[in-house]
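# Coordinate analysis (summary)
Below, each chain spelled out in residue letters.
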Amino acid sequence: MRVATRRVAARASARKDPPPTHRVVRHIRRLIEGRRLTPGDRLPTERDLAREMKVSRSSVRAALQSLAAMGVIRSRQGAGTFIQDGPPSLDSQPLGLLAALHGFSREEMFEARGVLEVGVAGLSAQRASGEQTAAMAEEVASMFAALGDPPLFLVHDVRFHRTVAAGSNNPVLAALVEMTSTLLYERRRATIEHAKDLRESAEMHRRIYLAIRRGDAEEARTAMAEHLRLAEEALAVEDALAATREAAAKAVTRARRPHPARKGTWPTTRP
Ligand SMILES: [Zn+2]
């Protein structure tokens, strides 16, 4: 009876008091909403937050991790934890996890990119500042410089798409492109070594950049759509090549593996 009462009381108090990790998240959220913490500000240390909120340091750590995953804060090695400044960015982990769970197909990913990035390229042509187009030019130049280094090329490819998205000057679109491009980066990193079209790809990016710089929204959209179509084809070829090599490597391993019967570990009689 007393146990039951205690349980009811515990449930009631659980309703009133959310778990410590949630309390820390809520606390920081209120500080941000009240403008007591603004972009670029440093957060109190883990120990100070734990003391102030009367929770364990591990609760504070868990709260900070979830805020970091949401792109609200960022920790810098040796310097502390800061409120994210610059355009909002979402860590791609939640989406990456969904991708692993549901197995986003290549077609689905490129369809999403098409819907997002073709429109974003048009907006960027209408709105990008001189500084933003200069950042795009830099990424295009870095792509041409990295033709012999596919993994580095891929880094600049992804950054180019982010600078185009930044040029839309719509932080929602920029955050969405950031998320999908990170996911694609993770996916393509495994196959980029098989890439065959890097020069052609760099040319396509230059065409998009030039259209944006001219303020030609229609051409920017057309060039982006064309680029995504070619990129999807390229990824399909890379996937096929990677799969063939993997199958060949497995066949070699199988051929080399000794036959179980010859290993002498196969039980032929039962005790
Ligand atoms: Zn690209």
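Residues numbered from 1 in each chain as written. Predicted model: local features only at pLDDT ≥ 70, side-chain atom pairs only at ≥ 80, totals over all residues.

Here we come to helix α2 (residues 20–33). Given a rise of 1.5 Å per residue, 14 residues ought to cover 20 Å, and the 20 Å separating the end C-alpha atoms of α2 matches this to within 8%. Regarding α2, the residues found buried are Val 24, Val 25 and Ile 28. Down the axis of α2, the smallest arc covering the buried residues is 100°, so these residues share one side. Turned more than 90 degrees away from the buried face of α2, the exposed residues are Arg 26, Arg 30 and Glu 33. Along its buried surface, α2 packs onto α3 (46–53) and α4 (57–69). Arg 35 sits one or two positions beyond α2 and adopts a positive phi of about 60°. (Helix = DSSP H or I, 4+ residues; strand = E, 2+ residues; numbered from the N terminus. Expected span 1.5 Å × (residues − 1). Buried ≥ 20, exposed ≤ 12 C-beta atoms within 10 Å, placed from the backbone. Arc of directions from axis to C-beta. Contact = placed C-beta atoms within 7 Å.)

Let's shift gears to the confidence of the model for the chain. Summary statistics for the chain give a mean pLDDT of 82 and a share of 81% for residues scoring 70 or more. Counting contacts from residues 262–271, a segment whose pLDDT is below 50, to residues more than four positions away or on other chains yields three contacts. (pLDDT = per-residue confidence, 0-100.)

Right, let's get into the pairing of strand β2 (residues 80–83). As defined by bridge partners, strand β1 (residues 73–76) adjoins β2 across four bridges and the pair is classed as antiparallel. In the sheet register, Arg 74 faces β2, and the bridge partner there is Phe 82. Between β1 and β2, which follow one another and run antiparallel, lie three residues, and Gly 78 among them has a positive phi close to 80°. (Pairing = 2+ DSSP bridges.)

Once that is clear, we can look at the packing of helix α6 (residues 106–127) against helix α10 (residues 198–214). A packed helix pair is summarised by two numbers, namely the angle formed by the two axes and the spacing between the axes. Closest axis-to-axis distance for the α6/α10 pair is 6 Å, and the angle between their directions is 40°. With respect to their mutual orientation, α6 and α10 come out oblique. For the pair α6 and α10, contact is made by Ala 121, Ser 124 and Ala 125 and by Ile 208, Ala 211 and Ile 212, respectively. Across the contact of α6 with α10, the residue classes break down as five nonpolar, one polar and no charged. (Axes fitted to C-alpha atoms, helices over the stretch in contact; angles between N-to-C directions. Parallel < 35°, antiparallel > 145°, perpendicular 65-115°, else oblique. Nonpolar A, V, L, I, M, F, W, Y, C, P; charged D, E, K, R; others polar.)

Further remarks concern the nonpolar core. By size, the foremost hydrophobic cluster in this structure holds 33 residues, and its most contacted members are Val 120, Ala 121, Val 164, Ile 208, Ile 212 and Ala 220. Counting only elements with at least two residues in this core, the list comes to α6, α7 (130–145), α8 (150–167), α9 (171–189), α10 and α11 (217–256). When residues in this core are grouped by element, the largest group, seven residues, is from α10. The contact partners of Val 120, leaving out residues within four places of it in the chain, are Val 164, Ala 165, Ser 168, Leu 173 and Val 177. Counting residues in each nonpolar core, the second largest holds nine residues, with Ile 28, Val 60, Ala 63 and Leu 64 among its members. (Core = buried A, V, L, I, M, F, W, Y, C linked by C-beta atoms within 7 Å.)

A few words now on the packing of α8 against α9. Between α8 and α9, the least distance of the axes is 9 Å, while the angle of their chain directions is 165°. The orientation of α8 with respect to α9, classified from their angle, is roughly antiparallel. In this structure, α8 crosses over α9, and the sense of that crossing is right-handed. Contacts from Pro 151, Leu 154, Val 158, His 161, Arg 162, Ala 165 and Ala 166 in α8 reach Leu 173, Ala 174, Val 177, Glu 178, Ser 181, Tyr 185, Arg 188 and Arg 189 in α9. (Left-handed = near helix turned anticlockwise from the far one by under 90°.)

To continue, consider unusual backbone geometry. We note that Arg 35 has phi near 60°; this positive angle belongs to a residue other than glycine. Relative to the helices and strands, Arg 35 is located in the loop between α2 and α3. Positive phi, normally seen in glycine, also occurs at Asn 169, with a value near 55°. Its location among the elements puts Asn 169 in the loop between α8 and α9.

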